[in-house]
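Chain residues, written in single-letter form:
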Amino acid sequence: MFSHSNYSLRYGTLPLATLVETAQKAGIEALILTDINNTTGIPDFTEACEKQGVKPIAGAEIRNGNDQVYTLVARNNSGFREINEFITLHNANGEDYPDRAPQFKQCYVVYPVHRFPAGKLYDNEFAGIAIRDINKLRASAKSSHVIENGIIMQPVTFNDDDGYQLHRHLRAIDNNILLSQLEPEMLAHPSEIFIPASPVSGGQSLWRRHAGRHESELIKYYEALPQVIRNTKALLGDCTFSFDFKTIKNKKTFTGSRYDDKLLLEKLAGDGLLYRYGKNNKEAQRRIKHELEIIDTLGFSSYFLITWDIIRYSMSRGYYHVGRGSGANSIVAYCLRITDVDPIELDLYFERFLNPKRKSPPDFDIDYSWKERDDVTEYIFKRYGRAHTALLGAMNTFKGKSIIREMGKVYGLPKSEIDALVESRKSTLALDSITKPLFHYGKMLSEFPNLRTIHAGGVLISEEPVTCYTALDLPPKGFPTTQWDMYVAEAIGFEKLDILSQRGIGHIKEAADLVLRNRRIKVDVHDIPMFKRDELVKEQLKSGDTIGCFYIESPAMRGLLKKLHCSEYVSLVAASSIIRPGVAKSGMMKEYIQRFHNPGGFSYLHSVMKEQLEETYGVMVYQEDVIKVCHHFAGLDLADADVLRRAMSGKTRSKREMQLIVDKFFSNCKEKEYSDELTKEVWRQIESFAGYSFSKAHSASYAVESYQSLYLKTYFPHEFHVGVINNFGGFYNTWVYVNEAGKWGAAIHLPCVNKSEFSTTIYGTDIYLGFNLIQNFESSFAQNIPMERLDNGEFTGLEDFVTRTRITMEQLILLIRLDAFRFTGIDKKQLLWDAHMLLGKSTPPPAMQQLFATPAKHFELPVLVHQTVEDAFDEMELLGFPVTLSVFDLLKTSFRGDVKAKELIHHVGKMVRMVGNLVTIKYVTTVRNDMMNFGTFLDDEGNFFDTTHFAPSLSRYPFKGRGVYLILGKVVEEFGFPSVEVEKLARLETVPDPRY
């Protein structure tokens, strides 16, 4: 039986489990999965078949668009690899599949009757005869040729009429057309079903009457074609396929020998021990010995060595990296410089990363700068071979609002009606003849695979060619990518490496490079112990003045740092986890802060909480805490506790497995005679933390990176802020970081053709904004100007610049309006006249060496009136923010508020009027489904303050876009952190541009 699952994207309607279960109930003994142009579902399909007692056979249906060319059926695992390599080849070259399949060695080719080749056939080629083809064959001249080489081919794409209608909706979505515009060739035949629950239209009388009986009933239709039956049985009997879910699939050795891998890892760990701890640290020596024994026993030496090799390459290139995730629990990883987190300092236990009982394989998360990640990835592919290396795929599914939008299109609804449907949803809508089926089939579509895409950074390095397990896509990045996702990779025994990109790393590296260039000081950004001890860094952290610093710059995080009076590494590690959304929403973040300030003023929920969570005042802060509580409080074994933690973090697809463990949690608590109130409260806290909190090692990695940013900001603020600007910041827009640089004493300069680079640059304490910040300025000119200046010296004036750069009039005007030729001393308006005299509307001819320079004509112009405010408006248009003046200088009013941000703490409980430039808004929906906002503003002195906008105030005084606002509100305080509860809000008017 040939079948499509819903991995035949926007075509099939049957999830794999449903497909196999239905086949088993229908008495199907052997099932061939033939999804269209992919083998995504084969591992899960094989596992499901083995559970249901159905023989699995791997295959793929090959199509060019809507045209079915042939179907491939693997005789065995070698044939499966042939299919994968065939699909991979065509994904790579982008060409259509050939009408005649190549001569496979271990793979059958089944052609639709209408495409069956005439003449000589290969031994592995057959014609697929559906029930609907039988009558047609009787009238066909080539029937004997087809029947002699025919097999039974009754495809399955849906279960019943509802499934067929869902299929129609999927095909309309895929072809981006209305349901009414579907053509027959776009659709599966209505007879492609297992068990029709109601009559299905469309010429399938024979199948409709008998569908759902055993395979023997299907064979009855072919009783007049005994050769077809014999061919079918022979083919099915010849096919055997299995998937190994037990052994590790990664590259088995690094050196070529497992024993040599063990020795090399011991040597490298020993060298790293001296670098990290010196000669006499007994605890470090004990831990390393313990870890190395486990690593060798479980066969993970090569995995560590491959990761070390990648780190070694990137460090040789001068790239900066951060190793994070549960891998930071390993002291071996710390000594190999894979991570910068000291596991001894934080008492991290290695078994959280790797232990003999852990069912799922571990992985390392390695962050690089967004500028350098692709080069590291390319090294991995070249070092370990493209045949054995692949990026990890991912699957986008149909979800929520996107389903309604897609369905609305196929019904031809206008955008306004689709928007209304999205907002109202089914619960508040009077359903009509269109919206009723829209929601019905939309619900069926929920969580269906929609598009194959790429995992954020997963890389697989395989012992066998990757095509032994999957066909490969070739997305725009150009690296082969698996067609299945991380869950399948984990299930079949792959440990992925996560090679991720992060702008925070980019700004740390760039800032250190700028310090070396600008101040001739070399900063070791890996000297974390020194950063933690530094008193100025501690004060900076405690102040919450952390704009630009990785992970600790958001308004919520800066507020938390102040509330905790956070000045120590351990406190920052905890803060990095409790700031997570679920934790804050549950109220446990506030509880943690209260207990932090008053450690004797609370009672533990239970003695187990005191025993296991005393370090964090009885509050679950880390993922490890969830495991501890599940194990010691509820009596789950460690394996079940970890499965529960992973499931609640969205890292498992088995809802049934999770529910079994949840039930076990509550039944165990009942056996221990806990009160229902106690059990429910502990479970509530577990739920709030498990889905959102970090592992302690992960939080520690983030805290380390935060310290690196913080050290650079504290001692080298100008270079640091330039690094942040050039890596396009983090939480805030560029203008916020430019403002911050000015607040810290740097002189901010507009782009200058004789000083600026493509990116923002620094000379001493002078920061020149980069050409790349100019809106609509072409990248080619932005890069060419500094290169031309480097090759042939500074520009002497406008005419020299135009001649040497061949710039166009439109691009030249942008530079003039930003005063990029101010070194000439000539007014901008005069320069605009000169530009028109030089260029008119034409582009200058190619620059050539001239024996005699022809002087340009010069004209005397009357004195032109110019106001500084004009420059500010030009800057806002072309940069997005003013530099010559501040936004406050552009206000019609001179009022700047009764209170400044730095004075707020002295006005707690009072009503104040403040004037602030809006930085960012956080939108929150309350438990009562009301909307509230949290605002962040800058006052005219460049200092931040925060506001809270409850629903009543927000409904009457909403935000009205970017700008400066007058704010009336009450000053409140929480743990020493002041903010304003807003009663009224109004955006202030600016002066008009005098030119208009």
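This text goes with the structure placed above it.
Remember, it's a predicted structure, so these values are computed and weren't measured experimentally. Within each chain, residues carry numbers counting from 1 in the order of the written sequence. Note on the predicted model: pLDDT of at least 70 is required for a residue's local features to be given, and 80 or more for side-chain atom pairs to be given and counted; whole-chain, interface and lining totals, by contrast, use all residues. Derived side-chain values reflect all non-hydrogen atoms in the structure, with water molecules and hydrogen atoms excluded from consideration.

1. Some thoughts on the overall build of the protein chain
(1) Moving on: When helices and strands are tallied, the protein chain shows 40 helices and 22 strands.
(2) Moving on: Only C-alpha atoms enter the radius of gyration, while the globule expectation follows 2.2 Å times N to the 0.38, with N the number of residues. Expected size for 996 residues packed as a compact globule is a radius of gyration near 30 Å; at 34 Å, the protein chain falls within 12% of this value.
(3) Moving on: By principal-axis analysis of the C-alpha atoms, the protein chain measures approximately 100 × 85 × 70 Å.
(4) Moving on: Between buried and exposed lies partly exposed: a residue is buried under 20% and exposed over 50% of the maximum accessible area for its type, with that area taken using a 1.4 Å probe on protein chains only. The buried share among the 996 residues of the protein chain stands at 55%.
(5) Moving on: Taking the intrachain contacts of the protein chain between residues at least 6 apart in sequence as the baseline, contacts between residues at least 24 apart amount to 69%. Runs of H or I in DSSP of at least four residues are treated as helices and runs of E of at least two as strands, each being numbered from the N terminus. Contact between two residues is taken to exist if any of their heavy atoms lie within 4.5 Å; hydrogens are not considered.

2. Overview of the environment of W370
(1) Moving on: Structurally, the position occupied by W370 is in the loop between β9 (364-368) and α15 (373-384).
(2) Moving on: Residue W370 is classed as partly exposed on the basis of its relative accessible area, which comes to 32%.
(3) Moving on: Along the sequence, W370 and K696 sit 326 residues apart, while their C-alpha atoms lie 25 Å from each other.
(4) Moving on: Once you skip the residues sitting within four places of it in the chain, W370 turns out to touch S501, Q502, R503, N726, N727 and F728.

3. Concerning the pattern of salt bridges
A side chain of one charge can pair with a side chain of the opposite charge if their charged atoms are brought near each other.
(1) Moving on: When a carboxyl oxygen of Asp or Glu lies within 4 Å of a side-chain nitrogen of Lys or Arg, that pair is called a salt bridge. If you walk through the whole model with that rule in mind, you get 56 salt bridges.
(2) Moving on: Of the charged contacts, one joins R383 and D309 as a salt bridge, the two residues approaching to 3.5 Å between their closest N and O atoms. Of this pair, R383 sits in helix α15 while D309 is found in helix α12 (residues 301-316), placing the two residues 74 residues apart along the sequence.
(3) Moving on: Classification of R383 as partly exposed rests on a relative accessible area of 36%.
(4) Moving on: Residue D309 is classed as buried on the basis of its relative accessible area of 0%.
(5) Moving on: As a salt-bridge pair, E740 and K713 come within 3.1 Å of each other at their nearest N and O atoms. One end of the pair, E740, is in helix α34 (residues 734-743); the other, K713, is in helix α32 (residues 696-715), and 27 residues separate them in sequence. Across this residue pair, the class does not change: E740 and K713 are buried.

4. As for the packing of aromatic side chains
(1) Moving on: Working definition: rings of Phe, Tyr and Trp (its six-membered ring) pair if their centres are within 6.5 Å, and the pair is stacked with planes under 30 degrees apart, edge-to-face with planes over 60 apart, and tilted otherwise. If you walk through the whole model with that rule in mind, you get 50 aromatic pairs.
(2) Moving on: Here the aromatic rings of Y551 and Y702 are separated by 4.6 Å at their centres, their planes lie at 50°, and the arrangement is tilted. A residue pair is termed long-range when its members are at least 10 positions apart, and Y551 in the loop between α22 (535-543) and α23 (555-564) and Y702 in helix α32 qualify at 151 residues.
(3) Moving on: For Y702, a relative accessible area of 11% corresponds to the buried category.
(4) Moving on: One aromatic cluster is present, built from ring pairs that chain together F80, F241, F243, F245, Y469, W484 and F494.
(5) Moving on: Here the guanidinium or amino end of R276 rests over the ring plane of Y334, the centre of that ring lying 4.1 Å away.
(6) Moving on: Charge over a ring is defined by NZ of Lys or CZ of Arg lying within 6 Å of the ring centre and within 35 degrees of the ring normal. One Lys or Arg, K755, reaches over the ring of Y763 and ends 5.3 Å from the middle of that ring.

5. Remarks on the sheet that holds strand β3 (residues 55-64)
Hydrogen bonds between backbone groups are what pair the strands of a sheet, and the pairing can be parallel or antiparallel.
(1) Moving on: Strand pairing requires that DSSP identify at least two bridges connecting the strands. One open sheet holds the seven strands; their spatial order is β1-β2-β3-β4-β5-β6-β7, and the pairing between them is mixed. Of all the strands in the sheet, the pair left with one neighbour each is β1 (2-3) and β7 (150-152).
(2) Moving on: As paired strands, strand β6 (residues 125-129) and β7 are joined by three bridges and run parallel to one another. Bridge assignment links A127 to a residue of β7, and that residue is G150.
(3) Moving on: Here the axes come from fitting lines to C-alpha atoms, over the contacting stretch only for helices, and the angles between their N-to-C directions go from 0 to 180 degrees. Sheet strands in contact with helix α2 (residues 42-52) are β2 (30-33) and β3, and its direction is about 150° off that of β3.

6. Focus on the pairing of β2
(1) Moving on: Residues of β2 alternate between two faces, with A30 and I32 on one and L31 and L33 on the opposite face, all of them buried.
(2) Moving on: Looking at chain direction, β1 and β2 are connected through two bridges and run parallel. Across the sheet, the residue bridging to F2 is I32, located in β2.
(3) Moving on: Every crossover in which the path from the first strand over the helix to the second runs clockwise, viewed with the strands pointing away from the viewer, is termed right-handed. As a crossover connection, the stretch from β1 through helix α1 (residues 16-25) into β2 is right-handed.
(4) Moving on: Bridge count for β2 against β3 is four bridges, and the pairing is parallel. By the bridge assignment for β3, L33 is matched with A58.

7. So, the pairing of strand β5 (residues 107-112)
(1) Moving on: Among the six residues of β5, six are classified as buried, and the element is accordingly described as predominantly covered.
(2) Moving on: Both faces of β5 are covered, namely the face carrying C107, V109 and Y111 and the face carrying Y108, V110 and P112.
(3) Moving on: The pairing of strand β4 (residues 67-74) with β5 spans four bridges and is classified as antiparallel. Note on β5: the bridge partner recorded for T71 is V110.
(4) Moving on: Note that β5 and β6 share four bridges and pair parallel. The residue bridging Y111 from the neighbouring strand is A127, located in β6.

8. Some words on the nonpolar core
(1) Moving on: Among buried residues, those of type Ala, Val, Leu, Ile, Met, Phe, Trp, Tyr and Cys that are joined through side-chain atoms within 4.5 Å constitute a nonpolar core. Residues F777, L812, L815 and F821 are the most contacted members of the largest nonpolar core, which totals 114 residues.
(2) Moving on: Here this core gets eight residues from one element, more than from any other, and that element is α32.
(3) Moving on: If you look at the next biggest cluster of nonpolar residues, it comprises 62 residues, including Y7, L137, I152 and V488.

9. Notes on the side chain of K249
(1) Moving on: With respect to the secondary-structure elements, K249 resides in the loop between α9 (226-238) and α10 (258-277).
(2) Moving on: Taking the relative accessible area as the measure of exposure, K249 reaches 5% and is therefore buried.
(3) Moving on: Of note is the side chain of K249, whose polar atom sits 2.5 Å from the backbone oxygen of I492. For the purposes of these results, a polar contact is taken to be a pair of N or O atoms within 3.5 Å, where, inside protein, one atom must be able to donate a hydrogen and its partner to accept one; residues adjacent in sequence count only when each atom of the pair is a side-chain atom.

10. Some thoughts on the packing of helix α16 (residues 400-410) against helix α18 (residues 435-445)
(1) Moving on: Between α16 and α18, whose axes approach to 10 Å, the crossing angle comes to 130°. One way to sum up the angle between α16 and α18 is to call them oblique. Taken as a pair, α16 and α18 cross one another with a handedness that is right-handed. Contact residues: I403, I404, M407 and G408 in α16; P437, L438, F439, Y441, G442 and L445 in α18.
(2) Moving on: Polar here means any residue outside two lists: the nonpolar Ala, Val, Leu, Ile, Met, Phe, Trp, Tyr, Cys and Pro, and the charged Asp, Glu, Lys and Arg; Gly therefore counts as polar. Split by residue class, the contact of α16 with α18 holds eight nonpolar, two polar and no charged. Convention used here: angles under 35 degrees read as roughly parallel, angles over 145 as roughly antiparallel, angles from 65 to 115 as roughly perpendicular, and any remaining angle as oblique. Crossing handedness is read from the near helix: turned anticlockwise from the far helix by less than a right angle, it gives a left-handed crossing, and turned clockwise, a right-handed one.

11. Observations concerning the packing of helix α36 (residues 798-805) against helix α37 (residues 809-817)
For any two helices packed against each other, one specifies the crossing angle of their axes together with the interaxial distance.
(1) Moving on: Relative orientation of the contacting elements α36 and α37 amounts to 145°, with a least axis distance of 12 Å. In this structure, the crossing between α36 and α37 has a hand that is right-handed. Along the contact surface, α36 presents L798, F801 and V802, while α37 presents L812, L815 and I816.
(2) Moving on: Here the residues of the contact of α36 with α37 sort into six nonpolar, no polar and no charged.

12. Describing α34
(1) Moving on: α34 sits mainly inside the fold: seven of its 10 residues count as buried.
(2) Moving on: For α34, the full list of buried residues reads T734, W735, V736, Y737, V738, E740 and A741.
(3) Moving on: Immediately downstream of α34, the backbone of G745 shows phi near 105°, a positive value.

13. A word on unusual backbone geometry
(1) Moving on: Located in the positive-phi region is D347, a residue other than glycine, with phi close to 55°.
(2) Moving on: Locating D347 in the fold gives a position in the loop between α14 (343-346) and β9.
(3) Moving on: Phi at Y617 takes a positive value of approximately 60°, unusual for a residue other than glycine.
(4) Moving on: For Y617, a relative accessible area of 18% corresponds to the buried category.

14. Considerations on helix α35 (residues 779-792)
(1) Moving on: Expected helix span is computed as 1.5 Å times (number of residues minus one). For α35, which comprises 14 residues, the first-to-last C-alpha distance of 20 Å matches the rise-based estimate of 20 Å (1.5 Å per residue) to within 8%.
(2) Moving on: Within the span of α35, buried status applies to F781, A782, I785, P786, E788 and R789.
(3) Moving on: Of the surrounding elements, those touching the buried residues of α35 are α36 and α37.

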